[in-house]
Amino acid sequence: MQNQTQSQNPNQIANPESGQLPQVKGPQMNDRDFLNDGLSTCKYLTDSLNVAVREASHQQLHADMMQILNETHQSARELYNLMFQKGWYKLEAEQQQKLDQAYQQFSGYATQFPY
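Residues numbered from 1 in each chain as written. Predicted model: local features only at pLDDT ≥ 70, side-chain atom pairs only at ≥ 80, totals over all residues. Heavy atoms only, no water.

Undergrad: How would you sum up the nonpolar core? Please name residues and give values.
TA: One finds L21, L35, L39, C42, A76, L79, M83 and W88 forming the largest nonpolar core, which totals eight residues. Mapped by element, the contributors of at least two residues to this core are α1 (31-55) and α2 (59-85). Setting aside chain neighbours within four positions, we find C42 in contact with T72, S75, A76 and L79. (Core = buried A, V, L, I, M, F, W, Y, C linked by side-chain atoms within 4.5 Å. Buried < 20%, exposed > 50% of the residue type's maximum accessible area, 1.4 Å probe, protein only. Helix = DSSP H or I, 4+ residues; strand = E, 2+ residues; numbered from the N terminus. Contact = heavy atoms within 4.5 Å.)

Given below as structure tokens:
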């Protein structure tokens, strides 16, 4: 992973932008737009394929859709990695206190599991 920088938001995790995009955005799609569209499409497809795989009654159909689902998840990951590398996808780190609270809440549920 490349060096991560933090901009004005101290909780933001991002690489510096690659500088490949024009300063003024015109109506035509640029590389970031195409990658973002591809990532959005992969997200939509994986959501839909999850339902289809779960409900497939025929074994071969299930297996084929599982392969497509896995390939689509992999494509989404590759698009995300490329966007993050170029500084076109930013994340925001959560405060440690909120993570600790969520961990405490959900780890308590483990005692309710039947196994």
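Undergrad: Got a sec to walk through the side chain of K86? Specific residues and values, please.
TA: Take K86: it is sitting in the loop between α2 and β2 (91-92). Nearest to the buried, unbridged K86 among oppositely charged side chains is D31, at 6.3 Å. If near-sequence neighbours (up to four positions away) are discounted, K86 is found in contact with P16, E17, S18 and Q20. (Lys, Arg positive; Asp, Glu negative; His and termini not counted. Salt bridge = Lys/Arg side-chain N within 4 Å of Asp/Glu carboxyl O.)

Undergrad: Would you mind going over the packing of aromatic side chains in detail, with residue names and values included?
TA: Each aromatic ring pair is described using two quantities: the centre-to-centre distance and the angle formed by the ring planes. In total, this model carries three aromatic pairs according to the counting rule given. Aromatic side chains F106 and Y109 sit 5.4 Å apart centroid to centroid with 80° between the ring planes, which places their arrangement in the edge-to-face category. On the criterion of helical spacing, the pair formed by F106 and Y109 is a turn pair, its members being three residues apart in helix α3 (residues 96-109). Note on Y109: relative accessible area 37%, which makes it partly exposed. (Phe/Tyr/Trp six-rings, centres within 6.5 Å; stacked < 30°, edge-to-face > 60°.)

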